[in-house]
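Understanding the architecture of this molecule
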Amino acid sequence: MDFDQFAQMALRLPETGEELGIVNRGGHMMFTTPKESGLVAVKLDWESRDRLLASRPEVFGKTPDDFEFPWLLTDLSRADESLALELIDLSYQDAFSLGRRRSAR
């Protein structure tokens, strides 16, 4: 799987869009990648990030700023469609939660 395939799966969901290699939901970032790297950085909640990182270390890694933000580096060449859909769903829900927290202020 490559970034374009991954992004197309996410862009089928309501309120999603892509601009300059960043996929978002309602203006809240879901994931991004330098296309030449083969990796994608997916924004998740801390619990999901830690669970996935522990479950598949050959697919997932931490970002350099992982102490501050729950990003999960993902090697898309090692991700099947089922795993890709799980990542997209988790990131989509996290973006929704972030939007709700901000609008509640």
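Above: the structure in question.
Now for a look at the structure at hand. It should be emphasised that the depicted structure is a prediction, and the values quoted were computed from it without experimental measurement.

Considerations on the overall build of the protein
Secondary structure summary: the protein contains three helices and six strands in total. Going from N to C terminus, the protein has its helices and strands arranged as α-β-β-β-β-α-β-β-α. Relative to its 105 residues, the protein shows a buried fraction of 43%. Summed over its atoms, the accessible surface of the protein is roughly 6,100 Å², and 52% of this surface lies on carbon and sulfur atoms.

Quick notes on the nonpolar core
What tends to happen in soluble globular proteins is that the nonpolar side chains get buried as a cluster. Phe-6, Met-30, Phe-31, Leu-52 and Phe-60 are the most contacted members of the largest nonpolar core, which totals 25 residues. Mapped onto this core, the elements with two or more residues apiece are helix H1 (3-10), strand E3 (28-32), strand E4 (39-43), helix H2 (46-55) and helix H3 (81-103). With seven residues, H3 is the largest single contributor of residues to this core.

Details of H2
Residues of H2 that are buried include every one of Ser-48, Arg-49, Leu-52 and Leu-53, and no others. Down the axis of H2, the smallest arc covering the buried residues is 125°, so these residues share one side. Turned more than 90 degrees from where H2 packs its buried face, Glu-47 and Ala-54 sit exposed. Two to three positions downstream of the cap, the backbone nitrogen of Glu-47 sits 3.1 Å from a side-chain oxygen, assigning the N-cap of H2 to Asp-45.

Things to note about H1
Of all the positions in H1, only Phe-3, Phe-6, Ala-7, Met-9 and Ala-10 are classed as buried. Across the axial projection of H1, the buried residues extend over an arc of 155°, all falling on one side. Near the N-terminus of H1, the side chain that reaches the backbone nitrogen of Asp-4, with its oxygen 3.2 Å away, is that of Asp-2.

The rules we used
Residues numbered from 1 in each chain as written. Predicted model: local features only at pLDDT ≥ 70, side-chain atom pairs only at ≥ 80, totals over all residues. Heavy atoms only, no water. Helix = DSSP H or I, 4+ residues; strand = E, 2+ residues; numbered from the N terminus. Buried < 20%, exposed > 50% of the residue type's maximum accessible area, 1.4 Å probe, protein only. Areas by Shrake-Rupley, 256 points an atom, 1.4 Å probe, with all protein chains shown as cover. Core = buried A, V, L, I, M, F, W, Y, C linked by side-chain atoms within 4.5 Å. Arc of directions from axis to C-beta. Polar contact = N/O pair within 3.5 Å; in protein donor to acceptor, adjacent residues only side chain to side chain.

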